[in-house]
Amino acid sequence: MTLHFSSETPRHHLLNAGAVATAMLTFLGSLWALSDSALAAQIYNKDGSEFSVFGRVQAAFVNDAAYQEMARDTQSSDHTLYASARLGLAGRTALAHGLDAIMMAEWESSGYNEQENQDGPLNHTRYLFTGIDAYQYGTLIVGRGDGAYYTIAGATDIFNVLQGHASDYYLLGDQRPAQVMYSLRALSWDLKLSYMFATNALGNTPLETKRGMGASLSTKFGDKITFAYGIDYTDFRYADNRRESEAFFAPMLMQDGLTYDQALAKSMAQHVGKKVEYGAALSYGVLGQGLYGALVVGTTDYAYLNHQLYTVDTALNYTFSNGLGLSLGYGYKGYDGSAVISELSMGIDYQFNANFKLFAEAQFDLDSDAYEFYGKTVARELNLGEDKYVLGAEFSF
């Protein structure tokens, strides 16, 4: 479907859930005023309470690396068809004047039982939260969703299925579990704060967290230009997977001139530590409405690496009035002059009507050093340094 987001929220992969989802999605970008014509089925609206259902079904021809990324599965299949479905629920009920209770849930299912520990329908939870919308006093939600730093990292998230890897935010996967999230819009400013409690391993990593915190602040200049700045903090912990965590950091430490044994010994001798990412995003336009462009720059500091990682991520999209959309992006993550990530992404899609579209996307590794920085095993599990392509169709409701 053709999505029309504000320039603060260029997020392609959230479905419009109708006016009922206005507050549900606040922290996933900002408070959106979704029109009554947005794709969703409102199944209940009575006495100050609303409830809607939304989703999509997608099928695509993919290569092995694209399969791994879309299925979140380290066991890839060479040149195959991959099908998935999403189902979302959103609700709101009035508690008092200017105070509503809200909820949203969205699941994804591939129908592939071979995925380890993910058998059965609706096997992946994307969003799952409930909370309070106090309107001019802000929105507070609790559960699973995007961290505050997504305001920065998400500015270049413009493709249908292929993800960028330049921002270190995505190292731990996409959405974050166990979060308290607050969003406030005042005048022309948007403030977002998030706190993540202790978690099990995140993303395709062995890294568990004691806590995580994020903050972002964004504002608009005129109708087209948006600027945002943010910080993302993660404090890691050792648990049952201590050996895996130590081994995860060893190749990274080798970039500072240590042998593998020395790097592993250093990793074993100290706390796994923390990482802090700072970044800024500058964007122009509204994704899906003519010209949209975005630039993200950032740095990431790990507790015991000698140098910072630095990120430059760009995105460009033009959507014509006839439904044809063209996208281009380049992402770079560097460490001490070495290109940890260097990838070029491109895509084309055509929206036949509000419910159906065809799309093609490709991502090319431009001789990056991901295998050297993360180690071959971890880089493969993170699906880095790989060429990907997708040709698919999507039906949204």
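Because the structure is a prediction, the values reported are computed rather than measured.

Definitions and limits used
Residues numbered from 1 in each chain as written. Predicted model: local features only at pLDDT ≥ 70, side-chain atom pairs only at ≥ 80, totals over all residues. Heavy atoms only, no water. Phe/Tyr/Trp six-rings, centres within 6.5 Å; stacked < 30°, edge-to-face > 60°. Buried < 20%, exposed > 50% of the residue type's maximum accessible area, 1.4 Å probe, protein only. Pairing = 2+ DSSP bridges. Helix = DSSP H or I, 4+ residues; strand = E, 2+ residues; numbered from the N terminus. Salt bridge = Lys/Arg side-chain N within 4 Å of Asp/Glu carboxyl O. Core = buried A, V, L, I, M, F, W, Y, C linked by side-chain atoms within 4.5 Å. Contact = heavy atoms within 4.5 Å. pLDDT = per-residue confidence, 0-100.

1. Considerations on the packing of aromatic side chains
Applying the stated criterion across every chain, the model contains 16 aromatic pairs. Pairing Tyr350 with Phe352 gives two aromatic rings, centres 4.8 Å apart and planes at 90°, and the pair type is edge-to-face. Since its relative accessible area comes to 33%, Tyr350 is described here as partly exposed. Through a chain of ring-to-ring contacts, three or more aromatic side chains come together here, namely Phe236, Phe248, Phe249, Tyr302 and Tyr304.

2. Remarks on the pairing of strand S14 (residues 324-335)
Strand direction decides the pairing type here: strand S13 (residues 309-319) and S14, joined by eleven bridges, are antiparallel. Within the sheet, the bridge partner assigned to Val312 lies in S14 and is Tyr332. Connecting the antiparallel pair S13 and S14 is a turn made up of four residues, with Gly323 showing a positive phi of about 100°. In this sheet, strand S15 (residues 338-351) lies alongside S14 in antiparallel orientation, the contact comprising twelve bridges. Counterpart to Lys333 in the pairing with S15 is Ile341. Count of turn residues in the S14/S15 antiparallel hairpin: two residues, of which Asp336 carries a positive phi of about 50°.

3. So, the pattern of salt bridges
In total, this model carries 13 salt bridges according to the counting rule given. The partner of Arg56 in a salt bridge is Glu394, with the nearest N and O atoms 3.8 Å apart. Linking Arg56 in strand S2 (residues 49-62) with Glu394 in strand S17 (residues 388-396), this pair joins segments that are 338 residues apart in sequence. With a relative accessible area of 4%, Arg56 lands in the buried category. Note that Lys388 and Glu69 form a salt bridge whose closest N and O atoms lie 3.9 Å from each other. Separated by 319 residues along the polypeptide, Lys388 in strand S17 and Glu69 in helix H1 (residues 64-71) bring together distant segments of the chain. In this structure, Lys388 and Glu69 share a single accessibility class: buried.

4. Things to note about the nonpolar core
Core analysis: the largest hydrophobic core is formed by 26 residues, its most contacted members being Phe249, Met252, Tyr302, Phe373 and Tyr374. At the level of elements, helix H3 (242-254), S15, helix H5 (370-374) and helix H6 (376-381) are the ones that each hand at least two residues to this core. If one sorts the elements of this core by residue count, H3 sits on top with five residues. Those residues in contact with Tyr374, other than ones at most four positions away along the chain, are Asp168, Leu171, Pro251, Met252, Lys333, Val340, Ala379, Leu382 and Leu384. Core analysis: the second largest hydrophobic core is formed by 16 residues, Tyr149, Ala153, Leu287 and Ala294 among them.

5. Looking at the confidence of the model for the chain
Confidence in the prediction for the chain averages 85 pLDDT; 84% of positions are at 70 or higher. Between residues 1-38, whose pLDDT stays under 50, and residues either more than four places distant or in other chains, the model counts 156 contacts. Every residue in residues 114-120 is under pLDDT 50, and counting partners more than four places away or in other chains gives nine contacts.

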